[in-house]
Amino acid sequence: MLLSLLLYVALLVALLYYRPPLQLGSLILVLGTIVLTFYSGAMWLLLFPTLVLTAILNLPGWRHRTLVKPAFQLLRRAMPSMSKTEREALEAGTTWWEKELFSGQPDWAMFAGIDLPQLSDREQQFLDNEVEQLCHLVDEWDIEQRQDLPPEAWDFLRQNGFFGLIIPEEFGGLDFSPYAQSRIMGKIASKSPTTAVTAMVPNSLGPGELLVKYGTEAQKQRWLPGLANGTELPCFGLTGPEAGSDAGSIPDIGVVCKGQFNGEDVLGLKLTFSKRWITLAPVATVIGLAFKLRDPDGLLGDPETVDYGITCALLPADHPGIEIGRRHNPGAPFMNGPIQGEEVFIPVDWIIGGAAMAGRGWRMLIECLGAGRGVSLPSLATAGSEMCYLTVGAFARIRRQFNMEIGKFEGVQEATAEIAAGAYTLEAMRQLVTRGLQGGAPSVLTAMAKYHATERMRQMVNHAMDVVGGRAIQLGPRNFLATMYHSMPVAITVEGANILTRSLMIFGQGSMRCHPYLFDEMQALQQDDERTGLADFEPLLLAHLGHSSSNIARTLVYGLSGGRGSLTPEDADAFSKSWYEKINHLSAALATCADVALGALGGGLKRREMISARLGDIHSELLIACSILKYRDAQQYSDAGDAHARYALQRALNNAQQALLAFCDNFPQRWLGLALRLLCLPLGRRYRAPDDDQIRLLGKLIMEPNPVREALKQYVYQSNNPEEASGRVESTFQALLRVDPAWQAFSRARGKGELGVGDMDNALGEALRQGVIAEADVEPLRDYDRRRYDCVLTDDFAAL
């Protein structure tokens, strides 16, 4: 009996796993059950329910009465209400590889066809010339003291098209790819985050992109040439005292009316608004403004519509009634300030896209947030992580305590290994995400990028501060970490605060946009005509049930096997293949848990933010793991590269596993959570965090010349100038590499007291006399020791 039952379960799992056509699968299941009755009479007890189930699924009349219609009515009653803002957010944007991971059955042939982005010759030349020259012009400490960019930097930004990277060439812009924008902003940020923020705002959420995508031809001709050549400087007013992350709740209002403009009676709007935290507002010449539009008199031609919803308009900053020019102090010296106005009249054709786009502003904003979330902020985070790798790794070798490089202490290596793997991860993620932005606006993908890039950067900067210690705390032109440390809260907060991005957006949008059936099912449930809704709903429900059942089977099989033998990219080598198999397991587990959560909690899942956030974490970490594998495959093979990739992959999948366990352990229906845990991880935890040997290895590699260090150098501003903060560390590190064998021998002898207690010159002389070093080593060692001492010094100033 037990054997027959196991065979029945195996047959059912196999059918669900491979998903043959419904009728064929039903026939195989019934025949298989009949055969099993010959081995055990008890199997007759399973034959009847098997026949009933297959009949319900295959006979349309039965299926409609017993399954489809009851499910339709139940779900229709249970479906939560959805605001217009929520609907527009869900409908906006596109999906890409993140949808495949959410499905539980990733299409690896599609992934194999994804090539990471490359710079065009024109983009590379701009990076090598204009961006390099800009980096030479700016110094973050000087900017901090003057609380502004120097005039020559402002002029250079304007004259060389930095504010028009996304504007088409026909309007005088550069029309660079998302990857080029990321590389440009990242390189600038590695020298001066304030300059990078100044340059990125016009190229992310701002009038430029909105005009390119939605503006009328007249609006494009009026504004885009000036935005491209820098004679116009934009800002965008979205957030305010009453609306931050909940931008859809903005109280700013625009009322359609008639008024005077340039001496003529025209149809227009009276705007009343109060905006805060608007980057570039103090110096802007043109303002993009988001507000709620009302038309109580039906002047726009639709007497039945009064409240149009969020709308975007474009206003000259010197338009009468606008109050602008004051500054906030966000802790970093970029321009940021308030904008206000009361009953400011503007013509209706100042609405971006004209009157036809009235009420379409939220969708426009959601689709244009990709540049900020997917390009600008992740590029700052990536550049910061790479600078941490280069500077902290070098400093950990230069700085000695207890007669040993601090980077050799295991406690320090725990921090530096995370920095090493984190920088590798963020570069990999940057490249995959910007590839996804080519020709699309994947809102879920960019939310993942914004949250995880800035959060990982926060962790790495904190690790870096721990390693460098007092040298990183004391402010001044020598400090190579303070600027990153001070600017991190800005990156964490803007473009959607990280807490809400994680707990509401990633899975909230992902469940609708990435699930293969859920959004269409919701559309069917909301049909006014029930007959039409049922007709649309039935095939979706059947497909959804088959999809979910298959994922349950896959989750069980992969949970037992670790995904071994599952489909992977055909070109995957032995290293990558095993990781792709692990991703298959966790992808199936994610899809299964998501379906269970949506089914069991329904609309209540919106209020279970910790539950949905953990599902979003699993989804995000799988995307990160894919980006690491894609990036690793694009690099020339090296042992160091694989060490970084292995550590980063283990960290990503361990994070995903931790989120999965927390989801199961905290599921409201505890019995269901336990069942999911047994289904997803039947053999317990499979994916371990990096071990001590890996920590020691990456802690060692970050202090040495290695292929990963050389690869990361190309993405940032490189300086060997000992008068610059990062250049001082790099030039000292290079000097150490040139004398390292002699320096190690000299330091060991001096640490043992074999060279006496005199100064450096006496010690060198004694080392030469004893044969510890050669005569040719004396001057290079003296020069290095001078550099070393200068490198560890902090700034001091006249007493205040």
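See the structure above.
Residues numbered from 1 in each chain as written. Predicted model: local features only at pLDDT ≥ 70, side-chain atom pairs only at ≥ 80, totals over all residues. Heavy atoms only, no water.

Trainee: Can you help me understand the overall build of the protein in this one?
Mentor: A tally of helices and strands in the protein yields 32 helices and nine strands. Here the protein has a C-alpha radius of gyration of 30 Å; the compact-globule value for 800 residues is 28 Å, and the two agree. Each of the three principal axes of the protein carries a C-alpha extent, and together these read 100 × 85 × 45 Å. Looking at the protein as a whole, 57% of its 800 residues qualify as buried. Put simply, 76% of the contacts in the protein that link residues at least 6 apart link residues at least 24 apart. Split by element, the accessible area of the protein, about 33400 Å² in all, is 54% carbon and sulfur. When the 74 positive and 90 negative side-chain charges of the protein are each reduced to one mean point, those points stand 6 Å apart. (Helix = DSSP H or I, 4+ residues; strand = E, 2+ residues; numbered from the N terminus. Rg over C-alpha atoms; globule rule 2.2 N^0.38 Å. Buried < 20%, exposed > 50% of the residue type's maximum accessible area, 1.4 Å probe, protein only. Contact = heavy atoms within 4.5 Å. Areas by Shrake-Rupley, 256 points an atom, 1.4 Å probe, with all protein chains shown as cover. Lys, Arg positive; Asp, Glu negative; His and termini not counted. Charge placed at Lys NZ, Arg CZ, Asp CG, Glu CD.)

Trainee: I tried to follow the packing of helix α23 (residues 530–561) against helix α24 (residues 574–601) on my own but got confused; where do I start?
Mentor: The packing of two helices is summarised by the inter-axis angle and the distance between the axes. Two elements in contact, α23 and α24, have axes whose closest approach is 8 Å; the angle formed by their N-to-C orientations is 135 degrees. The orientation of α23 relative to α24 falls into the category oblique. Handedness of the crossing formed by α23 with α24: left-handed. Between α23 and α24, the contacting residues are His544, His547, Ser548, Asn551, Ile552, Arg554, Thr555, Tyr558 and Gly559 on the first element and Asn584, His585, Ala588, Ala589, Ala591, Thr592 and Asp595 on the second. (Axes fitted to C-alpha atoms, helices over the stretch in contact; angles between N-to-C directions. Parallel < 35°, antiparallel > 145°, perpendicular 65-115°, else oblique. Left-handed = near helix turned anticlockwise from the far one by under 90°.)

Trainee: Is there a simple way to explain the packing of aromatic side chains in this structure?
Mentor: The final tally for this structure, using the stated rule, is 20 aromatic pairs. A centroid spacing of 6.0 Å and a plane angle of 40 degrees characterise the contact between Phe156 and Phe162, whose relative ring orientation is tilted. Of the two residues examined, Phe156 and Phe162, each falls in the buried class. Ring pairing ties together the aromatic residues Trp97, Trp108, Phe111 and Tyr580, which thus form one cluster. The ring of Trp223 has Arg222 sitting right over it, with the charged end atom 3.7 Å from the ring centre. (Phe/Tyr/Trp six-rings, centres within 6.5 Å; stacked < 30°, edge-to-face > 60°. Lys NZ or Arg CZ within 6 Å of the ring centre and 35° of its normal.)

Trainee: Quick question: what am I supposed to make of a nonpolar patch on the surface here?
Mentor: A surface patch of nonpolar side chains, amounting to about 670 Å² of accessible area, comprises Leu27, Leu31, Ile34, Val35, Phe38 and Tyr39. Under the relative-accessibility criterion, Tyr39 is labelled exposed at 67%. (Patch = residues over 30% accessible without salt bridge, like charges linked within 9 Å, V, L, I, M, F, W, Y side chains within 5 Å. Salt bridge = Lys/Arg side-chain N within 4 Å of Asp/Glu carboxyl O.)

Trainee: What am I meant to see in the packing of helix α3 (residues 44–58) against helix α4 (residues 60–78) here?
Mentor: As a packed pair, α3 and α4 sit with axes 5 Å apart at the nearest point and diverge in direction by 100 degrees. Comparing their axes, α4 and α3 come out roughly perpendicular. Where α3 abuts α4, its residues Ala55, Ile56, Leu57 and Asn58 lie against Pro60, Trp62, Arg63, Thr66 and Leu67. Partitioning the contact of α3 with α4 into residue classes produces six nonpolar, two polar and one charged. (Nonpolar A, V, L, I, M, F, W, Y, C, P; charged D, E, K, R; others polar.)

Trainee: Just checking my understanding: could you explain the pattern of salt bridges for this structure?
Mentor: Close approach of charged atoms allows side chains of opposite charge to pair. In this structure the tally under the stated criterion is 38 salt bridges. The closest approach of N and O atoms between Asp783 and Arg787, which form a salt bridge, is 3.1 Å. Here Asp783 pairs with Arg787, and both are found in helix α32 (residues 775–792), just four residues apart, close to one helical turn. According to the relative accessible area criterion, Arg787 is partly exposed, its value standing at 22%. If you follow the salt bridges from partner to partner, you end up with Arg478, Arg728, Asp790 and Asp795 in one network.

Trainee: Quick question: what am I supposed to make of α4 here?
Mentor: Three or four residues apart is the spacing at which side chains of an α-helix point the same way, because the helix has 3.6 residues per turn. Compared with the 27 Å implied by 1.5 Å per residue over 19 residues, the 25 Å span of α4 between its first and last C-alpha is a close match. Of all the bends in α4, the largest measures some 35 degrees and sits at Val68, one to four residues before the proline Pro70. For α4, the secondary structure elements touched by its buried residues are α3, α22 (518–525) and α23. (Expected span 1.5 Å × (residues − 1). Bend = angle between axes of the 7 residues up to and from the residue.)

Trainee: Before we go on, may I ask you to explain the environment of Asp466 in this structure?
Mentor: Of note, Asp466 is situated in helix α18 (residues 443–468). With 316 residues separating them in the primary sequence, Asp466 and Arg782 have C-alpha atoms 29 Å apart.

Trainee: Help me understand unusual backbone geometry in this model?
Mentor: Generally, phi is negative for residues other than glycine and the peptide bonds are trans, each holding for most cases. One non-glycine residue, Asn262, adopts positive backbone phi at about 55 degrees. One can find Asn262 in the loop between β2 (253–261) and β3 (264–279). By relative accessible area, which is 67% here, Asn262 ends up exposed. We note that Phe402 has phi near 55 degrees; this positive angle belongs to a residue other than glycine. The residue Phe402 is located in the loop between β8 (400–401) and β9 (404–405) in this model. Since its relative accessible area comes to 76%, Phe402 is described here as exposed.

Trainee: For this particular structure, what's the right way to read the environment of Arg360?
Mentor: For Arg360, the position within the fold is in the loop between β7 (336–347) and α15 (361–368). A relative accessible area of 37% places Arg360 in the partly exposed class. Taking C-alpha positions, Arg360 is 38 Å from Gln459, a pair spaced 99 residues apart along the chain.

Remember that the coordinates give geometry; whether it matters functionally is a separate question.
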